[in-house]
Amino acid sequence: KEHTGFWNALRAVEPFDPARTLFIDDSVSVLASAQRYGIRWLLSLLQPDSAREPRTVEGFPAILHFDEIMPELERIDA
């Protein structure tokens, strides 16, 4: 996902409009690659591993839980 070739291959298999796409990932370098490709909506995850403490993410908006963007999901805390 860190290389443009990934995004071109993905788009060939699963057509999407980068200007209307939301991409969520826990890797800032992958998000930066998506941004360079033209993906408009980008989010990082503050706690990709529930066994670890939330982290600080710089350069991209971030969420702790998916219910922050999809309130109809019921959160199940492990």
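Provided above is the structure to which this section pertains.
Since this is a predicted model, take the numbers as computed values, not measurements. (Residues numbered from 1 in each chain as written. Predicted model: local features only at pLDDT ≥ 70, side-chain atom pairs only at ≥ 80, totals over all residues. Heavy atoms only, no water.)

Chemist: Tell me about the overall build of the protein, and please be specific about residues and values.
Modeler: Along the protein, the regular secondary structure elements total two helices and three strands. In the protein, the succession of helices and strands from N to C terminus is α-β-α-β-β. Expressed as lengths along the three principal axes of its C-alpha atoms, the size of the protein is roughly 35 × 25 × 20 Å. Across the 78 residues in the protein, those meeting the buried criterion constitute 28%. Of the roughly 5700 Å² of accessible surface on the protein, 52% is carried by carbon and sulfur atoms. Across the protein, 8 positive and 13 negative side-chain charges occur, with their mean positions spaced 8 Å apart. (Helix = DSSP H or I, 4+ residues; strand = E, 2+ residues; numbered from the N terminus. Buried < 20%, exposed > 50% of the residue type's maximum accessible area, 1.4 Å probe, protein only. Areas by Shrake-Rupley, 256 points an atom, 1.4 Å probe, with all protein chains shown as cover. Lys, Arg positive; Asp, Glu negative; His and termini not counted. Charge placed at Lys NZ, Arg CZ, Asp CG, Glu CD.)

Chemist: An account of the side chain of Ser-44 is requested, with residue identities and associated values reported.
Modeler: Structurally, the position occupied by Ser-44 is in strand β2 (residues 41-45). In this structure Ser-44 touches Asp-25, Asp-26, Leu-31, Arg-55, Val-57, Pro-61, Ala-62 and Ile-63, once residues within four positions along its chain are discounted. (Contact = heavy atoms within 4.5 Å.)

Chemist: Give a description of the environment of Ala-51 that names residues and reports values.
Modeler: Note on placement: Ala-51 falls in the loop between β2 and β3 (62-63). When the C-alpha positions of Ala-51 and Ala-62 are compared, they lie 18 Å apart, and in sequence the two are eleven residues distant.

Chemist: With reference to specific residues and values, describe a nonpolar patch on the surface.
Modeler: Side chains of Leu-22, Trp-41, Phe-66, Ile-69 and Met-70 sit close together on the surface and give an oily, nonpolar patch of about 460 Å² of accessible area. Tracing the sequence through the fold places Leu-22 in strand β1 (residues 22-25). (Patch = residues over 30% accessible without salt bridge, like charges linked within 9 Å, V, L, I, M, F, W, Y side chains within 5 Å. Salt bridge = Lys/Arg side-chain N within 4 Å of Asp/Glu carboxyl O.)

Chemist: For the pattern of salt bridges, give the residues involved together with the corresponding values.
Modeler: Oppositely charged side chains are able to pair whenever their charged atoms sit close together. Under the definition given, this model contains one salt bridge. Here Lys-1 makes a salt bridge to Asp-25, at a shortest N to O gap of 2.9 Å. In this pair, Lys-1 sits in the segment before α1 (4-13) while Asp-25 sits in strand β1, placing the two residues 24 residues apart along the sequence. You can call Lys-1 partly exposed: its relative accessible area is 42%. By relative accessible area, Asp-25 is classed as buried at 9%.

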